[in-house]
Amino acid sequence: MPARADPFVQRRLLDLARIDQAMSAAEHRRRTLPELALITAGTGRVDQLRNAAVLARTEVGDLDRAARKLDNEIDAVRARADRDADRLAAGTAPAKDLENMQHEIVSLARRQATLEDEALELMERREVADATLATTDRELGAARADLDAAQQRRDDAFADIDDELARAAADRTALVDGMPADLTALYEQIRSRGQVAAAALNGSRCEACRMDLDRSALGAIWAAGVDDVVRCSECGAILIRS
Ligand SMILES: [Zn+2]
């Protein structure tokens, strides 16, 4: 059964529809804020760089440990070669031992040269690992700063949008409170289908669906009383006649 309402009251549905459209637009903006995609991508990048930094730091630590071990080995070889050299110089050992010591000194020198080559190679790898760690730390710092900035912009935008929504919700409540319940119930029922629930009839055109009403629909609308609530024959919106 069609609702009836004073035309002045009916006109207020246009304000209500305007508020609802503004709220829908604000909610859409909140859901589709460009910062949200930036934050998702930025969080992934920070995670990835954080893992890379852990790996790079581990590599540097491993190389340091290996270098220390190698240094100890070089020291031990050198100490042994020095001891042999001292005994050789003293010339007190039996001839057979002297010969063995000379062989050993040669082999220790070879061993030391090999170990020193390894130490040099470790040092070069350490330089590369250091550079990788420094680059990764720098990129991680930049990625964190970008992410923080995007989160700050999102929070600011959310605060603005939420203020706007709160003001609109208060306006809406005040507006609805002054309207007949059956009229707002009809409005809400139409709106719950996800469409514009009230719009102006502009000539023969419904401003909700932007369709022109046919002659018989228009005739029925013009024949209705001013208090009758009329609907668009195309989309069902409540039509406000001027
Ligand atoms: Zn319509």
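All figures in this text were calculated on a predicted structure; none of them were measured in a lab. (Residues numbered from 1 in each chain as written. Predicted model: local features only at pLDDT ≥ 70, side-chain atom pairs only at ≥ 80, totals over all residues. Heavy atoms only, no water.)

The next thing to look at is the coordination of the zinc ion. Of the protein atoms, only Cys206 (SG), Cys209 (SG), Cys232 (SG) and Cys235 (SG) coordinate the zinc ion, at distances of 2.3 to 2.4 Å. Every donor counted, the 4 donor atoms about the zinc ion form angles of 107 to 114° at the centre, which fits tetrahedral coordination. (Donors = N, O, S within 2.8 Å, 3.2 Å for Na, K, Ca; no water. Tetrahedral: all angles 85-135°; square planar, octahedral: opposite > 155°, others 65-115°.)

The next subject is helix α5 (residues 215–223). By the burial criterion, the buried members of α5 are Ala217, Leu218 and Ile221. Burial along α5 is one-sided: seen end-on, the buried residues are contained in an arc of 95°. Every exposed residue of α5 that faces more than 90 degrees away from the buried side is listed here: Arg215, Ser216, Ala220 and Ala223. Considering only its buried residues, α5 is in contact with β1 (198–202), β3 (230–231) and β4 (238–240). (Buried < 20%, exposed > 50% of the residue type's maximum accessible area, 1.4 Å probe, protein only. Helix = DSSP H or I, 4+ residues; strand = E, 2+ residues; numbered from the N terminus. Arc of directions from axis to C-beta. Contact = heavy atoms within 4.5 Å.)

With that settled, the discussion passes to the sheet that holds β1. Note on sheets: strands pair through backbone hydrogen bonds, and any given pair is parallel or antiparallel. The mixed open sheet is built from 4 strands, whose spatial order is β2-β1-β4-β3. Each end of this open sheet is capped by a strand with a single partner; those strands are β2 (205–206) and β3. By the bridge criterion, 3 bridges tie β1 to β4 in an arrangement that is parallel. Its bridge partner being in β4, Ala200 is matched across the sheet by Ile240. In the packing of helix α1 (residues 7–31) onto the sheet, the strands contacted are β1 and β4, and the crossing angle to β4 comes to about 110°. (Pairing = 2+ DSSP bridges. Axes fitted to C-alpha atoms, helices over the stretch in contact; angles between N-to-C directions.)

Right, let's get into the pattern of salt bridges. This model, assessed by the stated rule, comprises 20 salt bridges. Linked through salt bridges whose partners overlap, the residues forming this network are Asp20, Arg172, Glu188 and Arg191. (Salt bridge = Lys/Arg side-chain N within 4 Å of Asp/Glu carboxyl O.)

Quick look at the nonpolar core now. The biggest cluster of nonpolar side chains holds 27 residues, and the ones touching the most others in it are Leu13, Met179, Leu183, Tyr187, Ala198, Val229 and Ile238. Put simply, the parts of the chain that give this core at least two residues each are α1, α3 (95–177), α4 (181–191) and β4. For this core, the leading source of residues is α1, giving 8 residues. Other than its neighbours up to four places away in sequence, Met179 contacts Val9, Arg12, Leu13 and Thr184. Judged by nonpolar contacts, the second largest core, of 13 residues, contains Ile74, Ala81, Leu108 and Leu122. (Core = buried A, V, L, I, M, F, W, Y, C linked by side-chain atoms within 4.5 Å.)

This model, assessed by the stated rule, comprises 0 aromatic pairs. Lying across the ring of Phe158, Arg30 places its NZ or CZ 3.8 Å from the centre. (Phe/Tyr/Trp six-rings, centres within 6.5 Å; stacked < 30°, edge-to-face > 60°. Lys NZ or Arg CZ within 6 Å of the ring centre and 35° of its normal.)

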